[in-house]
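Structural features, examined
One-letter residues, chain by chain:
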Amino acid sequence: MTASTRCPAPTLATGAEVCGFRILRVEQLPEIRITAYESEHEKTGAKVIHLHCDDRENLYSIGFRTPPADSTGVPHILEHSVLAGSDRYPLKDVFNELLRGTLQTFINAFTYPDKTIYPVASQVKADFFNLARVYTDLVLRPRLLKETFSQEGHHLEFSNPEDTSSELTISGIVYNEMKGAYSSPDALMYKIIQENLYPDTPYSFDSGGNPDEIPLLTYEQFKAFHRAYYSPTNARFFLYGDIPTADHLAFLAEMLAGFDRVEVDSTVKSQARWQKPSSIHDAYPIGREDKTTEKTAVNVSWLTAENTDYATAVLLQITSGMLVGSAAGPLRKALIDSGLGEDLSPVTGVERDLKQIAFTVGLRGTDPDKASLIEALIIDTLKNLTESGFDRDLIEGTLHQVEFHGKEIIRSTYPYGIVLMGRSYHTWLYDGDPLEGLNFPRIIEEIRKKWKARPDLFQEIVRKWFVDNPHRLLSVMEPSKTCQAEQEAAFKKKMSRLKASLSGPELENIRKDASALKKFQAEPEIPGAAAILPKLSISNITREIETVPTAKAAIENVPAMIHDIFTNGIAYLDLAFDVSDMPEDLQPYLPLLGKLITNMGAAGFNYEEMAKRIVLKTGGVGYHLSAGMAVDGKKNWQKMIFRIKALHRNIRDAVNIISDILVAGDMSNETRMRDLIAERKNSLHASVVPSGHAFARRTAASSLSLPAYRDEQWHGRSQLKFVNRIADQFNEIKGELLDKLTLLQSMVIRKERLSINVTADSEGISLLLESAADLVRRLSGNGGIGNPSIPALTPIHTGISIPAQVSYVAKVLSAPAYADPLSVPLFVLSRQLSSGYLYKHIRVQGGAYGGMSQYDPMSGTFALLSYRDPSIVNTLNVYREAMDFISRNKTSGEELEKTIIGTIGSLDKPMDPSSRGYIAMIRDFTGLTDEDRLKFRNSILDMTPELLLEAASRYFTSAADSAVVSVYASQENLQKANESLEPKLNVETLT
Ligand SMILES: [Zn+2]
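In this report, the structure presented in the accompanying data block is examined. (Residues numbered from 1 in each chain as written. Predicted model: local features only at pLDDT ≥ 70, side-chain atom pairs only at ≥ 80, totals over all residues. Heavy atoms only, no water.)

1. A look at the overall build of the chain
Using the following cut-off: Helix and strand labels come from DSSP, where a helix needs a run of H or I of at least four residues and a strand needs a run of E of at least two; each type is numbered from the N terminus. To get the radius of gyration, use the C-alpha atoms; to get the globule rule, take the number of residues to the power 0.38 and multiply by 2.2 Å. For every residue, the accessible area obtained with a 1.4 Å probe (protein chains only) is divided by the maximum for its type, and the residue is called buried under 20%, exposed over 50%, and partly exposed between those limits. Should any heavy atoms of two residues lie within 4.5 Å, those residues are considered in contact. His is not counted here, nor are the chain ends, while Lys and Arg score as positive and Asp and Glu score as negative. Where a charge sits is defined by one atom per residue type, namely NZ (Lys), CZ (Arg), CG (Asp) or CD (Glu).
A count of helical and extended segments in the chain gives 34 helices and 31 strands. Rg of the C-alpha trace for the chain: 28 Å, near the compact-globule value of 30 Å for 991 residues, within the 12% margin. Buried positions account for 60% of the 991 residues belonging to the chain. When contacts within the chain are restricted to residue pairs at least 6 apart in sequence, long-range pairs at least 24 apart make up 81% of them. Across the chain, 108 positive and 125 negative side-chain charges occur, with their mean positions spaced 0 Å apart.

2. Quick look at the nonpolar core
For clarity, the cut-off: For our purposes a nonpolar core is just a set of buried Ala, Val, Leu, Ile, Met, Phe, Trp, Tyr and Cys residues, chained together by side-chain atoms within 4.5 Å.
Membership of the largest hydrophobic core comes to 110 residues, with the highest contact counts inside it found for Leu 51 and Tyr 60. Broken down by element, the residue count for this core peaks at 9 residues, all from helix H3 (residues 125–140). Sequence-distant contacts of Tyr 60, defined by excluding residues within four places in its chain, comprise Tyr 118, Pro 119, Val 120, Phe 128, Ala 132, Thr 136, Phe 237, Phe 238, Leu 239, Phe 251 and Leu 252. Among the nonpolar cores identified, the runner-up in size contains 83 residues, and Ile 562, Leu 575, Leu 741 and Leu 865 belong to it.

3. Side note on the sheet that holds strand E28 (residues 850–856)
Operational definition: Two strands are said to pair when DSSP picks up at least two bridges between them. Axes, fitted as lines to C-alpha atoms, cover a helix only where it is in contact. Angles between the N-to-C directions of the axes lie from 0 to 180 degrees.
Pairing within the open sheet is mixed, and its 6 strands lie in the order E28-E29-E27-E30-E26-E31. The open sheet is flanked by E28 and strand E31 (986–989), the only strands paired with a single partner. Neighbour-to-neighbour, the strand axes of this sheet turn through a mean angle of 15 degrees, independent of strand direction. Sheet topology places strand E26 (residues 798–801) next to strand E30 (residues 964–969); 4 bridges connect them, and they run parallel.

4. Quick notes on the pattern of salt bridges
The condition is simple: By convention in these notes, a salt bridge is any Lys or Arg side-chain nitrogen within 4 Å of a carboxyl oxygen on Asp or Glu.
Under the counting rule described, the total for this entry stands at 67 salt bridges. Across the pair Arg 141 and Asp 137 runs a salt bridge whose closest N-O atoms are separated by 3.8 Å. In this structure, Arg 511 and Glu 162 form a salt bridge, with 2.6 Å as the shortest nitrogen-oxygen distance. Remark: Glu 162 occurs in the loop between strand E9 (155–158) and strand E10 (168–171) and Arg 511 occurs in helix H17 (residues 504–522); sequence separation between them is 349 residues. For Arg 511, a relative accessible area of 16% corresponds to the buried category. Residues participating in the shared-partner salt-bridge network are Glu 556, Arg 652, Glu 770, Asp 774 and Arg 777.

5. Comments concerning the coordination of the zinc ion
The condition is simple: Coordinating donors are taken to be N, O and S atoms lying within 2.8 Å of the metal, or within 3.2 Å when the metal is Na, K or Ca; because water is excluded from the atom set, some sites may appear incomplete.
The protein atoms that coordinate the zinc ion are His 76 (NE2), His 80 (NE2), Glu 177 (OE) and Glu 177 (OE), at distances spanning 2.1 to 2.6 Å. Glu 177 gets classed as buried once you look at its relative accessible area, which sits at 9%.

6. Describing helix H8 (residues 245–256)
Applicable threshold: To estimate how far a helix should reach, multiply one less than its number of residues by 1.5 Å. Along the arc lie the directions from the helix axis toward the C-beta atoms.
Spanning 12 residues, H8 covers 16 Å between terminal C-alpha atoms, matching the ideal 16 Å at 1.5 Å per step. When H8 is considered as a whole, its buried residues turn out to be Thr 245, His 248, Leu 249, Phe 251, Leu 252, Met 255 and Leu 256. Summarising the axial view, the buried residues of H8 lie within an arc of 165 degrees, below the 170-degree limit, and thus occupy one face. Positive phi appears at Gly 258, one or two residues downstream of H8, with a value of about 95 degrees.

7. Some details on the side chain of Thr 116
To keep it simple, the criterion reads: Any pair of N or O atoms that falls within 3.5 Å is considered a polar contact. Within protein, one atom must be able to donate a hydrogen and the other to accept it, and sequence-neighbouring residues count only if both atoms are side-chain atoms.
In this structure, Thr 116 sits in strand E8 (residues 115–122). Note on Thr 116: relative accessible area 0%, which makes it buried. Of note is the side chain of Thr 116, whose polar atom sits 2.7 Å from the side chain of Thr 66. Not counting residues up to four positions away in its chain, the partners in contact with Thr 116 are Ile 62, Gly 63, Phe 64, Thr 66, Pro 75, Glu 79, Phe 110, Thr 111 and Tyr 230.

8. Side note on the pairing of strand E5 (residues 58–65)
Buried residues dominate E5, accounting for 8 of its 8 residues. Alternating positions in E5 separate into two faces, Asn 58, Tyr 60, Ile 62 and Phe 64 on one and Leu 59, Ser 61, Gly 63 and Arg 65 on the other, with burial throughout. When E5 meets strand E11 (residues 235–241), the two strands line up antiparallel, connected through 6 bridges. In the strand pairing of E11, Gly 63 is matched with Arg 236.

9. Quick look at the packing of helix H20 (residues 651–664) against helix H26 (residues 762–778)
Here is the rule: Angle categories are assigned with fixed cut-offs, so that under 35 degrees is roughly parallel, over 145 is roughly antiparallel, 65 to 115 is roughly perpendicular, and the rest are oblique. Crossing handedness follows the turn of the near helix against the far one: under a right angle anticlockwise gives a left-handed crossing, and clockwise gives a right-handed one. Ten residues, namely Ala, Val, Leu, Ile, Met, Phe, Trp, Tyr, Cys and Pro, are considered nonpolar, four, namely Asp, Glu, Lys and Arg, are considered charged, and the remaining ones, Gly among them, are considered polar.
Where H20 meets H26, the closest approach of the two axes is 9 Å, and the angle between their N-to-C directions is 25 degrees. Classified by the interaxial angle, the pair formed by H20 and H26 is roughly parallel. Relative to H26, H20 is oriented so that their crossing is right-handed. Where H20 approaches H26, its residues Ile 651, Arg 652, Val 655, Asn 656, Ile 658, Ser 659, Asp 660 and Val 663 are matched on the opposing element by Gly 764, Leu 767, Leu 768, Glu 770, Ser 771, Ala 772, Asp 774, Leu 775 and Arg 778. Taken together, the residues of the contact of H20 with H26 sort by class into 8 nonpolar, 4 polar and 5 charged.

10. Notes on unusual backbone geometry
A negative phi angle is the norm for most residues apart from glycine, just as the trans form is the norm for most peptide bonds. A cis amide bond links Glu 982 with the next residue in sequence, Pro 983, at an omega value of -5 degrees. The backbone of Ala 603 sits at a positive phi, close to 50 degrees, despite the residue not being glycine.

11. Regarding the packing of helix H27 (residues 823–835) against helix H28 (residues 837–844)
Orientation of H27 relative to H28, taken along the N-to-C sense of each, is 30 degrees, at an axis distance of 3 Å. When the axes of H27 and H28 are compared, the pair comes out roughly parallel. Here H27 contributes Gln 832, Leu 833, Ser 834 and Ser 835 to the contact with H28, which in turn contributes Tyr 837, Leu 838 and Tyr 839.

12. Considerations on the sheet that holds strand E25 (residues 754–760)
Spatially, E18-E19-E25-E20-E23-E22 is the arrangement adopted by the 6 strands of the open sheet, whose pairing is mixed. Each of the sheet's edge strands pairs with one partner strand only, and the pair in question is strand E18 (551–555) and strand E22 (621–629). The average undirected angle you get between the axes of adjacent strands in this sheet is 25 degrees. Two strands pair when backbone bridges link them, and strand E20 (residues 570–578) and E25 are joined in this way by 6 bridges, in the antiparallel orientation. Following the sheet pairing, Leu 573 is matched in E25 by Val 758. The sheet contacts of helix H12 (residues 392–407) involve E20 and strand E23 (636–647), and relative to E23 the element is tilted by about 115 degrees. Against the sheet, helix H23 (residues 706–715) touches E22 and E23, its axis set at about 150 degrees to E22.

13. Considerations on the environment of Thr 164
Topologically, Thr 164 is positioned in the loop between E9 and E10. Its relative accessible area of 27% is what places Thr 164 among the partly exposed residues. Excluding anything up to four places from it in sequence, Thr 164 contacts Phe 158, Lys 499, Leu 507, Glu 508 and Arg 511.

14. Notes on the side chain of Asn 299
By the secondary structure assignment, Asn 299 is in strand E13 (residues 296–306). For Asn 299, a relative accessible area of 0% translates into the label buried. Reaching out from Asn 299, the side chain makes a polar contact with the side chain of Ser 345 at a distance of 2.7 Å. Aside from chain neighbours lying at most four places away, what touches Asn 299 is Met 189, Ile 193, Ser 345, Val 347, Thr 360, Val 361, Gly 362, Leu 473, Leu 474 and Ser 475.

15. Structural notes on the environment of Thr 957
Mapping Thr 957 onto the fold places it in helix H33 (residues 945–959). Distance in space between the C-alpha atoms of Thr 957 and Asp 884 is 8.6 Å, their sequence separation being 73 residues.

16. Examining the packing of aromatic side chains
Keep this limit in mind: Only Phe, Tyr and Trp rings are paired, with Trp represented by its six-membered ring, and only when their centres lie within 6.5 Å; those with planes under 30 degrees apart are stacked, over 60 edge-to-face, the remainder tilted. Note on geometry: a ring has a charge over it if NZ (lysine) or CZ (arginine) is within 6 Å of the ring centre and within 35 degrees of the ring normal.
One pass over the full model with this rule turns up 36 aromatic pairs. For the pair Phe 128 and Phe 129, a centre-to-centre distance of 5.2 Å together with 80 degrees between the ring planes defines the contact as edge-to-face. Of the two residues, Phe 128 and Phe 129, neither departs from the other in class, the shared state being buried. Seen from their ring centres, Phe 695 and Tyr 968 are 6.4 Å apart, and the 50 degrees between their planes marks the pair as tilted. In this pair, Phe 695 is assigned in helix H22 (residues 692–701) and Tyr 968 in strand E30, connecting sequence segments 273 residues apart. Tyr 968 shares its class with Phe 695; the two are buried. Ring-pair connections join several aromatic residues into one group, and the members of that group are Tyr 60, Phe 128, Phe 129, Phe 237 and Phe 251. One residue, Arg 236, lies across the ring of Trp 428, its end atom 5.8 Å from the ring centre. Arg 613 extends its terminal NZ or CZ atom over the ring of Phe 605, reaching a point 4.3 Å from the ring centre.

17. Digging into H17
The end-to-end C-alpha distance of H17 is 27 Å, a good match for the 27 Å that 19 residues give at a rise of 1.5 Å each. For H17, the secondary structure elements touched by its buried residues are helix H4 (146–152), E9, E10, helix H16 (483–501) and H28.

Read these as layout, nothing more, since geometry by itself doesn't imply function.
What follows is the structure in structure tokens.
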């Protein structure tokens, strides 16, 4: 991560010609420590942006405008297929080779409604250019084999592959991926709004592919789409990091040699504006046992300004933040307080990734007959705001949020370069200025000036773009118990009709093609082909580990860890309370305590006033529940962790806010309590289908260790069932609930349970330490920590029925903790299985979107998982065969070297400053020292095929007995699986 506060000196001048590129512009952005270069390749017209800074995690990405003309998903299927191989790299799956055998810190591809982007990142220069070289060749010169199209897109096959009298069906990775997406209510809602708000543009089609239309795509159309849109002329290269611009341009010149200008009209046309509002009704699937009342979502959306009108775009974003961004937002509050629905619709907010910006707001957990009331309430509230204006603190608070988030160095699952790339594309893709949206501090300054000159600035945005804007869509998404069964029945009918229309020889051809595809997938790569890929050797990898600066101290006798790290003027405070001895019957209430206490009133302020204080003075208040096994596997730790972050100037206020919440948090407002419980219930519910594999893993793992049990109880299906029950019985139990939560609060928030973690630079640290001491003095203490509560663990193989067209299959085994000699080989084996056997048999041959393995020494579990999977029984067979295979076959030296490099790459993923401080705290709870980590890393680097085989055969032979299976799938698919499974799954409904 970057540590300086100045931008690099320019190394090229505007107008210069470098390696066939003309430098169009050089701009220094000191506020974000970047020097930006915009250039164009003279021969092909390829456009290039380089953001030069001192971040060593360099990012390389190629993007194309790819507006679709139908919903066959051609951009998405291409996105998967180009990465398979090229003439220079004639493998069947180059992407997987790069994924497993390089030090990439990020490698992926994204299909958007109007663009396709291929980003790679690495912290090692040689590795970075290896990756960029291969990616560019794949994208510009892919082989696009017929087999790849069939595998990634769609193909016909028989349910019993060799038997032409068995059922005819369709498979394909994108096909199954999209079936999963079409089972998620949130994804469907988003899609319906987009398609109907922009009916005369490419946005009326699904670039990802509608499962009903994917099978219509032909191989010729697929290749033609590549020819038309994947030319350097239609390409945008976005580069970021500390490698000098001239190096990039020299590299790109080599990559673009031999290409000419190919003109294609890829411009995305704007939607013509409506003269009057419109509406749409649609349905999403729910389980047969679910109730249908209070399950509808009602949204109102507007088509607003062009993305290239940057000034308006930012004002819209800020206005949206004021309206609905916090509990103090007047539109959010009006909707929640109305009681017309349970909580805000998850698609609420501004959508910037389209040519014209959309704003959506609505409620879920409502009924269709309330749609017009909700619409009227939204419009009336906005109208009133145009007259009354916004609360001044709310405006200040929202501007503070933008300032904070523009300043914070974030490296979550994406490199920071990806965040900047996204901001750049909002304008660049539509031929606007690519640098306009980058300099957040300056943008906020300008908005403050405008607001000063025109106090009604934000009211006018509301008037112009919402109240007086007739391009408005009312969308109503109703639950349906039958739509999925109907879809499946219609599909079956279509397939049997298709089958009846085919002659014997035609059916035989389908069998032959499918069998040829399976054979192609099963064949090993051409000998020596993988050796063509540029790669690093293990000897190039450092044997050192990266450590987090840590000092130990005590604040008013409370143990504290202090991490002096460059955080760009932001300070982070974690307050971790030991919850290991909380009584068993109160454990499931802990997540509710976190949710409620951080979102309600405190110290005489009501919840709205607290929300305003939080947006004005902090970058957010959060809580997290976490449990883990100590390094030696003998003890466990369980913590409730509160976190607050703030700019230096606000540290004192921010710590005061969290003190008020913890010490004087007041949960007695019943209405607010009910609303927050509904919000938690709905968000847990909505996360089941998109992360079905995580839910299945938790369910299966919960009987294997205490940390895994707690994880499931706090974040899994048990928690969902628990919150559901609380929400259903709220009126009867609210008094008792408040008593329990208040009791829990008084038990948890105690001085002797606390440990403090501080992450900031030296100025921030001294400010935080002062304030934290005040906080500790406010906490009550006396009494120690009791014996841990230990629940009974009973392993059961379960099938959980969910309304989804695809399945999620988990098999979890008990595994040792960190210090065990098996932990290193298991860590390597889980990588090896993920990118090897499971990838090949579950994804490539099985057609599932994903197949993977995870070893977690902190919960003592080893998991085999599938994601958006068309099968259950076959996948469980693959798991058994995988364990058997890896216990009997020695990995080749070449394979192992790749796995080792990939494993080290996964350990070396860069972290942002706040995560570095956080992980140091978690390591401390676990008892994991830097010496342990160094030993762990070096044991990975020294792994041999013999050691790996010995460990696999030892572990899988004995651990297989502990394996627990959990499958999340539709009732029908679970029943069908149970016909042949032994032991059978105990089938239950989700809630
Ligand atoms: Zn995909």
